[in-house]
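Topology and contacts: notes
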Amino acid sequence: MKITAILPAAGKGTRAAFGKNKVLRDLDGKTVLAKAIEAFSLNPRIDDIIISASENDLDEVCKIAETFKNCRVVCGGDTRTQSVYAALYECEDTDYVLIHDAARPFVTQKVINDCIDTVLQYQSAVCALPATDTSVLCDGGCIRTVPDRNGVFTLQTPQAFSYPQILHAYEQIREDEKFTDDSGVYLRYVAPPHIFEGDRKNIKLTFAEDFKMNTNIRTGIGIDTHAFADHGESITLGGVQIPSDRALLAHSDGDVLAHAVADAILSAAGLDDIGHYFPDTDPQYKGADSLLLLKKAAGFVKEKGYIVGNVSAAIIAEKPKLFPYIAEMRENIAASLGISSQNIGITAGTNEKLGYLGRGEGITVTANVLLRSAD
Ligand code: CTP
Ligand code: MG
């Protein structure tokens, strides 16, 4: 027995309006299409995969398809129905087809397996969810019919069918008939298709906002330590000058908090650390205001498409007492990152007299950050 997956990907993504086909859009480092193909390629019950691509996207789609085994590409058409038909036409001696929108990258193995189990039993299997909102039929701007919600379902993909039956149905379609999915074609020309329960996460990415719901978030950590000098009368932490019996040794202003936060955001974005961007051998950074360096680091991260969500930093210092300065540090860090101080958390504690921190030989700061995609 042979099972083929068909992924129509030949749309234009007009409603998402990215200026290119939405299924070629990157989502957490992989295209939407690659994620959708991957789900089917990982399922051992699927024998081969056929993608319908528009002529415009053919090269890019072929490059993605090449990275999966048993995956080939055919030219789609102007409508989804035509794109599915083109793929059905290309199927070779298959028994069942699972048709799945390439724009649904979050399909789970459970849904794919339930789809296969259902089609093997009933010859058809349509992924459906009970409606949670009330659906109505409207005409002329007015609600005309309110169907009983208990019998109303919204349909997703995959939708699976016996191959000879669905091919036969597609061959009957007349030019004036319009279908939004394959269950409609099967219902019109074969029989009432069987439903199985889908998954709310299996959404079809349709509008630009749908891509934001799955915002790419990244975390980062930064740690910095500076030793105390044997001179000086203040230290700088988070841009606040704090009286101290000794200064911190540094090429810059020694703002160990700003450095740890900068390293955390650079690290979260997969960039090099602050030592790479602002080397302590470079005279221009002698005595530098580290808040400015932090601002620059936030700029590099923004260029990579990320903004800072929140920062959480812990300062370990035996002395001086830092509590009175924390609020101002939060304001300064927030201003450098261009976000609200509500998104900055700073705690300060001692090291209970243990180790180099406990002996008051230096200050260490650990910072965690969360970055979000900027768009
Ligand atoms: N599709 C296709 N061929 C078409 C139209 C659509 O293969 N001529 C595919 C899309 O690529 C998508 C799936 O059918 O994977 C569902 O269609 P839809 O969400 O409507 O995508 P688009 O048609 O690309 O989007 P839009 O309608 O906003 O232009
Ligand atoms: Mg469409």
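Residues numbered from 1 in each chain as written. Chains lettered and ligands numbered in written order. Predicted model: local features only at pLDDT ≥ 70, side-chain atom pairs only at ≥ 80, totals over all residues. Heavy atoms only, no water.

Here's the deal with helix 6 (residues 182-189)
Of all the positions in helix 6, only Asp182, Ser183, Val185, Tyr186 and Tyr189 are classed as buried. Looking straight down helix 6, one finds its buried side chains confined to an arc of 160 degrees; they lie on one side. Where helix 6 is buried, its residues contact helix 3 (80-90), strand 6 (96-99), strand 7 (124-130), strand 10 (153-162) and helix 5 (163-172). (Buried < 20%, exposed > 50% of the residue type's maximum accessible area, 1.4 Å probe, protein only. Helix = DSSP H or I, 4+ residues; strand = E, 2+ residues; numbered from the N terminus. Arc of directions from axis to C-beta. Contact = heavy atoms within 4.5 Å.)

Regarding the site of ligand 1
Taken together, 18 residues surround ligand 1, and among them Gly13, Thr14, Lys22, Ser83 and Lys204 come closest. Ala9 has a polar backbone atom sitting 3.3 Å from an oxygen atom of ligand 1. In the model, a nitrogen atom of ligand 1 is placed 2.9 Å from a nitrogen or oxygen of the Gly77 main chain. Calculation on ligand 1 without its partners gives an accessible area of 560 Å², and the protein chains cover 88% of this total. A class-by-class count of the residues in the shell around ligand 1 yields five nonpolar, six polar and seven charged. (Near = heavy atom within 4 Å. Polar contact = N/O pair within 3.5 Å; in protein donor to acceptor, adjacent residues only side chain to side chain. Areas by Shrake-Rupley, 256 points an atom, 1.4 Å probe, with all protein chains shown as cover. Nonpolar A, V, L, I, M, F, W, Y, C, P; charged D, E, K, R; others polar.)

A closer look at the packing of helix 8 (residues 256-268) against helix 10 (residues 290-303)
Remark: helix 8 packs on helix 10, axes separated minimally by 9 Å, with the N-to-C direction vectors making an angle of 5 degrees. One element, helix 8, and the other, helix 10, form an angle in the roughly parallel class. Of the residues in helix 10, those touching helix 8 at Ala258, His259, Val261, Ala262, Ile265 and Leu266 are Ser290, Leu291, Leu294, Ala297, Ala298, Phe300 and Val301. Broken down by class, the residue content of the contact of helix 8 with helix 10 amounts to eleven nonpolar, two polar and no charged. (Axes fitted to C-alpha atoms, helices over the stretch in contact; angles between N-to-C directions. Parallel < 35°, antiparallel > 145°, perpendicular 65-115°, else oblique.)

Quick look at unusual backbone geometry
Between Thr157 and the following residue, Pro158, the backbone shows a cis peptide bond with an omega angle of 10 degrees. With respect to the helices, strands and loops of the structure, Pro158 is situated in strand 10. Going from Lys319 to Pro320, the amide bond is cis rather than trans, its omega being 0 degrees. With respect to the helices and strands, Pro320 occurs in the loop between strand 15 (306-316) and helix 11 (326-337). The phi dihedral of Gln123 is positive, around 75 degrees, even though this residue is not glycine. As for its placement among the helices and strands, Gln123 is situated in the loop between helix 4 (109-122) and strand 7. You can call Gln123 partly exposed: its relative accessible area is 26%. In this model, Lys353 sits at a positive phi of 65 degrees, which is unusual for a non-glycine residue.

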